[in-house]
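Structural description and commentary
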Amino acid sequence: MSKPTPGPWILDLDTFEDGYAYLETPTGRAVALVDEVREADLHLIAAAPDLLEALSMYVRLFESHSITNSSPADKDFTGYLAGKARAAIKKARGG
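None of the values given here were measured: they were computed from a predicted structure. (Residues numbered from 1 in each chain as written. Predicted model: local features only at pLDDT ≥ 70, side-chain atom pairs only at ≥ 80, totals over all residues. Heavy atoms only, no water.)

1. Focus on the side chain of S56
Along the chain, S56 falls in helix α1 (residues 39-64). Setting aside chain neighbours within four positions, we find S56 in contact with I89 and R93. (Helix = DSSP H or I, 4+ residues; strand = E, 2+ residues; numbered from the N terminus. Contact = heavy atoms within 4.5 Å.)

In structure tokens, the structure reads:
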């Protein structure tokens, strides 16, 4: 599997008028050409690399700290959140 284009991704809304929007890197490398998508969805797509990085950092932090002083309910909830985060990261990476 190939790796995704590293972020940040920039959304070029100036092109949205012609029915298309372009996502590109700061150096101008094309990431995607998108048509018929709501502007809010385009912003979410453009934020994908940043969201993946933040979520990956959260999981690394979670895995490096024990939660031994937490209540069983807190441990369950924290474990649930970490599981959701791991699943989202896997999905983002095509797994």
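2. Re the sheet that holds strand β3 (residues 30-35)
Across the sheet, which stays open at both edges, the three strands sit in the order β1-β2-β3 with antiparallel pairing between neighbours. In the strand order of this sheet, the two ends are held by β1 (10-12) and β3, each with one partner. Shown here is a sheet whose adjacent strand axes are inclined to one another by a mean of 20°, direction ignored. Against the sheet, α1 contacts β1, β2 (20-24) and β3, and its axis sits at roughly 15° relative to β2. (Pairing = 2+ DSSP bridges. Axes fitted to C-alpha atoms, helices over the stretch in contact; angles between N-to-C directions.)

3. Observations concerning the layout of surface pockets
If you add up the space inside the largest pocket, you get close to 480 Å³. Around the largest pocket, the lining is made up of 23 residues, and of these P4, A48, P49, L52 and E53 lie nearest the centre. Those elements that provide at least two residues to the lining of the largest pocket are α1 and α2 (72-92). The element that contributes the greatest number of residues to the lining of the largest pocket is α1, accounting for eleven residues. Looking at the lining of the largest pocket residue by residue, the classes come out as 14 nonpolar, four polar and five charged. (1 Å grid on protein atoms, 1.4 Å probe; cavity = no way out; pocket = protein on both sides within 12 Å on 5 of 7 lines; lining within 4 Å. Points joined across faces, edges and corners; volume = space filled by probe spheres on them. Nonpolar A, V, L, I, M, F, W, Y, C, P; charged D, E, K, R; others polar.)

4. Points about unusual backbone geometry
Trans is the common state for peptide bonds, and a negative phi is the common state for residues other than glycine. Cis geometry is adopted by the peptide bond preceding P8, which originates at G7 and carries an omega value of 5°. Here P8 is to be found in the segment before β1.

5. Description of the side chain of T5
Structurally, the position occupied by T5 is in the segment before β1. By relative accessible area, which is 16% here, T5 ends up buried. Sequence-distant contacts of T5, that is, excluding residues within four places in its chain, are made with T25, R29 and V31. (Buried < 20%, exposed > 50% of the residue type's maximum accessible area, 1.4 Å probe, protein only.)

6. Regarding the pairing of β3
Sheet analysis places β2 next to β3, joined by five bridges and oriented antiparallel. If you follow A21 over to β3, its bridge partner there is V34. The antiparallel hairpin formed by β2 and β3 contains five residues in its connecting segment, where G28 sits at a positive phi of about 95°.

Shape descriptors only; they carry no functional weight alone.
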